[in-house]
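Each chain, letter by letter, is given below.
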Amino acid sequence: MIKKSIRNKLIVLLLVTTIVPFGSSIIITYFYTKEYLKNQAIQENSNLLYQGKLNLESYINEINQLTLSLYNNADFINYLRSSNSRDHYYSIDIVKNVISTILYAEDNIERVHIAFAKDDRIISASKRSTVVFSKKLKRVNEQSYEKAKNSSFNMYIEPMHKQLFTSKNETQKNVISIHRSFTNIPSDEVLAYITLEISPDKIYEISENLYNRDAEEFFILSPEGDLIYRSDYGMSNQQDQEWIKKILETENESGTIEWKDDSFNGVMIYDQMSPSAGGWRLVKRVSYAALYESAFRVAGINIMFGIIGLSLVVLATLFVSVKITSPIKALLKNIQEVEKGNMKVQFESFGEDEIGMLGHRFKQMIEKINHLINREYKLELENKTNQLKVLQSQINPHFLYNALQSIGTVALKNKVPQIYSLITHLSKIMRYGMNMNEDIVPLMKEINYNKAFLLLQKERFGDHLEYDIQVDDEVKNVKVPKMLLQPIIENYFKHGFDIRDGIGEIKVECRKTDDYLHISVSDNGIGIAENHLKEIYEYFQAGSIRRDGEQTNIGLKNVYTRLKLYYGESARLQLENKQEGGLLVTIILPISVEGGKNESTHSG
């Protein structure tokens, strides 16, 4: 009856402890995965749109440079300036060569069109015809010319439209026209309007790499809301749709908008090209069904594994509850083996009842005996190892210093003072770091150590690195913890130096304010993300390292911990991102307090 009761309790307990965690984990995992995959998809699509924007801007700017290059052709400009005078064959040949050069400079340019501003003369050429000089033709692009003239970039990109090309067989093609007002520099007088009609094939090629046709929609909108490109060619009346108006009304260059109407329910990710490249908006629409598809699949897999796991637990529970055989005999057999000197226990768990606890305690006792035997043996080995390390620590530094001095002497003999200087700085760094007899040093000694470190970095990066160290005379002898600044300076080279704008810069300032020593270290790196900065300050307040969190900026955390050990609440460590970019680390220490009083028990 008692065994039956224990078995029933064991079955109920195992089932409850299995179903509740499995069910909870499935629900929590589903919602967490759903949100995580949504954010991840949005981030990936934003990055993809940004790359697509760069590719389109590069393509438009490349074509735009063809018209800008005409400003370097003095003969062509003189021809435009003398448009009312009699044509000269030499000038005409120059114009023909210029137009032909532009026409065949890019495969997608279909036609080049030049309209004079002060008369009705028009010059045009396409890949289906030669250069044509015309007069008294109606200019159909007057509105586009006006927009180009009024643009701050003297350029206007006309959205896709049909264009008739006259050849043996008249054909119409979709083209995008880039209109530029050609001015009489340095004045604002417009000499002519140059139009490049380009095929949208390259734009289509770039666009089709920016979305998944089966699950996403992609659009390119002009600043006026006209469609340059759309992934769904069957859509109609796009200009009248509310979501386009919403996109055009946004002031941000890029971002996301959640949208729901009869035809779409999901997230719209957008990014805007620079005005100099047309100011187009790239819009990607991803439905919630596509965003959450992976979450549904993960939830289904979790449920499947949950059912399998639950089934296995039920079977295992029934097996354990029924399979109770000869536990005492197995226990006695192992006791006899121990008496013979065999310390290996060879039996599985007997269960959770009184006999099972007896077997468990017996196994623990044998494991503890083995542990004590191994511990005594390991302590003996460790003692010998430590004795060897002590001898090595006495020999190695002395040997390294002598070796470095010998190398420096060879460098001087061979007239390479730069190598001698570098070795001297390295020797200072090693001697300072390997000296275990001092925990507190004068500030100037710490500064000299970091100067040696920065000089080595300067030698490594050359003109790409500049540093400045300023120390007031009155604080040079203030005692500070050893190795206080090096983790902060090294943090810049680890996380900020490679991702900077321009020359790497780091500045160290030490000054006295009232009864406190202020040490500031500033750089021009990328700083620290606000969310990560918040995590670091939370760590500072909690006073313990998170084991499950990201272990970055360990140097800053160690500096904070040492300051608290040395000075308690009298010292402060402040981190802040500079407005112009980079990180500013400020350390405030009391001058009157002898550092190290709180860490004396930690020195060896």
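Residues numbered from 1 in each chain as written. Predicted model: local features only at pLDDT ≥ 70, side-chain atom pairs only at ≥ 80, totals over all residues. Heavy atoms only, no water.

Chemist: Break down empty space enclosed by the protein for me, with residues and values.
Modeler: Under the counting rule described, the total for this entry stands at 1 cavity of 30 Å³ or more. By volume, the largest cavity amounts to about 30 Å³. Lining the largest cavity, in full, are Ile 488, Asn 491, Tyr 492, Val 521, Asp 523, Leu 583 and Val 585. Those elements that provide at least two residues to the lining of the largest cavity are helix H13 (486-495), strand E16 (516-523) and strand E18 (583-590). For the lining of the largest cavity, the leading source of residues is H13, giving 3 residues. (1 Å grid on protein atoms, 1.4 Å probe; cavity = no way out; pocket = protein on both sides within 12 Å on 5 of 7 lines; lining within 4 Å. Points joined across faces, edges and corners; volume = space filled by probe spheres on them. Helix = DSSP H or I, 4+ residues; strand = E, 2+ residues; numbered from the N terminus.)

Chemist: An account of the sheet that holds strand E13 (residues 465-471) is needed here, citing residue identities and associated values.
Modeler: Spatially, 5 strands are ordered E13-E15-E16-E18-E17 in an open sheet, and the strand pairing comes out mixed. Each having just a single partner strand, E13 and strand E17 (572-577) make up the two edges of the open sheet. Averaged over all neighbouring strand pairs, the angle between strand axes comes to 10°, with direction disregarded. Where E17 lies against E18, 6 bridges are found, and the strand directions are antiparallel. Along E18, the bridge assignment pairs Glu 576 with Leu 584. Sitting on the sheet, helix H12 (residues 443-461) touches E13, strand E15 (504-513) and E16, and the angle it makes with E13 is about 170°. With respect to the sheet, H13 is in contact with E13, E15, E16 and E18, its orientation differing from that of E15 by roughly 160°. (Pairing = 2+ DSSP bridges. Axes fitted to C-alpha atoms, helices over the stretch in contact; angles between N-to-C directions. Contact = heavy atoms within 4.5 Å.)

Chemist: Just give me the short version of helix H4 (residues 142-150), but keep the residues and values in it.
Modeler: Along an α-helix, residues three or four positions apart point the same way, because every turn accommodates 3.6 residues. Among the residues of H4, those classed as buried are Ser 144, Tyr 145 and Ala 148. Down the axis, H4 shows its buried residues gathered within 100° of arc, on one side only. For H4, the exposed residues set more than 90 degrees away from the buried face come down to Gln 143 and Asn 150. (Buried < 20%, exposed > 50% of the residue type's maximum accessible area, 1.4 Å probe, protein only. Arc of directions from axis to C-beta.)

Chemist: An account of a nonpolar patch on the surface is needed here, citing residue identities and associated values.
Modeler: Nonpolar side chains collect at one region of the surface, where Ile 301, Met 304, Phe 305, Ile 308, Leu 312 and Leu 315 lie side by side and expose about 600 Å² of accessible area between them. Examined against the element boundaries, Met 304 turns out to sit in helix H8 (residues 293-322). (Patch = residues over 30% accessible without salt bridge, like charges linked within 9 Å, V, L, I, M, F, W, Y side chains within 5 Å. Areas by Shrake-Rupley, 256 points an atom, 1.4 Å probe, with all protein chains shown as cover. Salt bridge = Lys/Arg side-chain N within 4 Å of Asp/Glu carboxyl O.)

Chemist: Before we move on, can you summarise the packing of aromatic side chains with the specific residues and values?
Modeler: Counting across every chain of the model gives 13 aromatic pairs. Taking the centre distance of 4.1 Å and the plane angle of 10° together, the rings of Tyr 71 and Phe 182 count as stacked. Of this pair, Tyr 71 sits in the loop between helix H1 (2-68) and helix H2 (74-81) while Phe 182 sits in strand E5 (residues 171-183), and the two are 111 residues apart along the sequence. When its relative accessible area of 0% is taken as the criterion, Phe 182 is described as buried. Seen in terms of ring centroids, Tyr 211 and Phe 218 are 5.8 Å apart; in terms of plane orientation they differ by 10°. Their pairing is stacked. Here the two residues Tyr 211 and Phe 218 agree in accessibility, since each one is buried. Through pairs of rings, three or more aromatic residues link up here, namely Tyr 204, Tyr 211, Phe 218 and Tyr 229. (Phe/Tyr/Trp six-rings, centres within 6.5 Å; stacked < 30°, edge-to-face > 60°.)

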